[in-house]
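Chain residues, written in single-letter form:
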Amino acid sequence: MGRIVYLSIAGAADPRLNGGDGYYKGKAVQESIYQQAPVPSVTVRSTQWFDFIPATMGMVNKGPVALAPTMLMAPALREEVADVVADAATAPRQARHEIRAVRGPEADTIANFARRILMVGGDLGGQRPAVVREAPYLGRGIANGGLIPQDAFITATRFEDWLR
């Protein structure tokens, strides 16, 4: 085996963000294991993908209202994230253990992205709520952009292009 390439979630290893989320804690443990492995590794930390928005919002719909987590995010096109992962797997690497980050080109809240989906006639997980509200139930770190890596490769596709 030449190297381990692992897709993770941007911000998941930050204890300020993963304190109440077992899934993020699990991702942080996996990252740690791979980074300490005797085999070279590349961890690709990705922001959420465009598809995450309608799927997540479909789960927080209650009748005519969707109560989104207050979540500042910079979603990316999943195919472009897959290209970054493929490059990490195939390009020559010098580093023993490397961490790469990837994010989308624009940041906004999940609620605002969801509203944009609804404005163009799309749905949120098969539903079309009349009202989209926010509540900081995932914590301040996520609400304030903790899932957006600062030094990251920025993908090309904008949200408005994905909507078309």
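This text follows the structure it describes.
Residues numbered from 1 in each chain as written. Predicted model: local features only at pLDDT ≥ 70, side-chain atom pairs only at ≥ 80, totals over all residues. Heavy atoms only, no water.

> Would you mind going over the overall build of the protein chain in detail, with residue names and values included?
A tally of helices and strands in the protein chain yields seven helices and nine strands. Taken over the C-alpha trace, the protein chain has a radius of gyration of 17 Å; the compact-globule value for 164 residues is 15 Å, and the two agree within 12%. Referenced to the eigenvectors of the C-alpha coordinate spread, the extents of the protein chain come out at roughly 50 × 35 × 25 Å. For the protein chain, the residues scored as buried account for 44% of the 164 residues in total. Pairs at least 24 apart in sequence give 80% of the contacts found in the protein chain among residues at least 6 apart. When the accessible surface of the protein chain is split by element, carbon and sulfur atoms take 55% of a total near 8500 Å². Charged side chains in the protein chain number 18 positive and 16 negative. The centres of these two groups are separated by 5 Å. (Helix = DSSP H or I, 4+ residues; strand = E, 2+ residues; numbered from the N terminus. Rg over C-alpha atoms; globule rule 2.2 N^0.38 Å. Buried < 20%, exposed > 50% of the residue type's maximum accessible area, 1.4 Å probe, protein only. Contact = heavy atoms within 4.5 Å. Areas by Shrake-Rupley, 256 points an atom, 1.4 Å probe, with all protein chains shown as cover. Lys, Arg positive; Asp, Glu negative; His and termini not counted. Charge placed at Lys NZ, Arg CZ, Asp CG, Glu CD.)

> Tell me about the sheet that holds strand 2 (residues 41-46), and name the residues and values.
Judged by pairing direction, the sheet is parallel, and its four strands sit side by side in the order 1-2-6-9 without closing on themselves. Sheet topology places strand 1 (4-9) and strand 9 (153-154) at the edges, where each strand pairs with a single neighbour. Here six bridges tie strand 1 to strand 2, and the two strands are oriented parallel to one another. Within strand 2, the residue paired with Ile9 across the bridge is Ser46. (Pairing = 2+ DSSP bridges.)

> I'd like to hear about a nonpolar patch on the surface, residue by residue, with values.
A surface patch of nonpolar side chains, about 260 Å² in accessible area, is lined by Leu67, Tyr137 and Leu138. By the element assignment, Leu67 lies in strand 4 (residues 65-69). (Patch = residues over 30% accessible without salt bridge, like charges linked within 9 Å, V, L, I, M, F, W, Y side chains within 5 Å. Salt bridge = Lys/Arg side-chain N within 4 Å of Asp/Glu carboxyl O.)

> Outline the packing of helix 3 (residues 52-59) against helix 5 (residues 110-119), listing residues and values.
At a minimum axis distance of 10 Å, the contact between helix 3 and helix 5 shows a crossing angle of 100°. Taken together, the axis directions place helix 3 and helix 5 in an arrangement best described as roughly perpendicular. Residues Phe52, Ile53, Pro54, Thr56 and Met57 of helix 3 form the contact with helix 5, whose own contacting residues are Ile110, Phe113, Ala114 and Ile117. Partitioned by chemical class, the residues of the contact of helix 3 with helix 5 number eight nonpolar, one polar and no charged. (Axes fitted to C-alpha atoms, helices over the stretch in contact; angles between N-to-C directions. Parallel < 35°, antiparallel > 145°, perpendicular 65-115°, else oblique. Nonpolar A, V, L, I, M, F, W, Y, C, P; charged D, E, K, R; others polar.)

> Account for the sheet that holds strand 4, with residues named and values stated.
The strand order 3-4-8 describes an open sheet built from three strands, whose pairing is mixed. This sheet does not close on itself; its edge strands, each paired only once, are strand 3 (61-62) and strand 8 (131-135). Where strand 4 meets strand 8, five bridges bridge the pair, whose relative direction is parallel. By the bridge assignment for strand 8, Pro69 is matched with Ala135. In the packing of helix 5 onto the sheet, contacts are made with strand 4 and strand 8, and the angle to strand 8 comes to roughly 170°.

> I'd like a description of the pattern of salt bridges, backed by residues and values.
Scanning the model with the defined rule gives eight salt bridges in all. Between Asp87 and Arg100 there is a salt bridge whose closest N-O contact spans 3.0 Å. One end of the pair, Asp87, is in helix 4 (residues 78-90); the other, Arg100, is in strand 6 (residues 97-103), and 13 residues separate them in sequence. Among the charged side chains, a salt-bridge network with shared partners connects Asp51, Arg78 and Glu79.

> I'd like to hear about the nonpolar core, residue by residue, with values.
With 24 residues, the main nonpolar core has Ile53, Met57, Ile110, Leu124 and Val132 as its most contacted residues. Put simply, the parts of the chain that give this core at least two residues each are helix 3, strand 4 and helix 5. A per-element tally of this core places helix 5 first, with six residues. Not counting chain neighbours up to four residues away, the residues in contact with Ile110 comprise Phe52, Ile53, Thr56, Met57, Ala68, Pro69, Met71 and Met73. The next biggest cluster of nonpolar side chains, apart from the first, holds seven residues, and it includes Val44, Val81, Ala88 and Val102. (Core = buried A, V, L, I, M, F, W, Y, C linked by side-chain atoms within 4.5 Å.)

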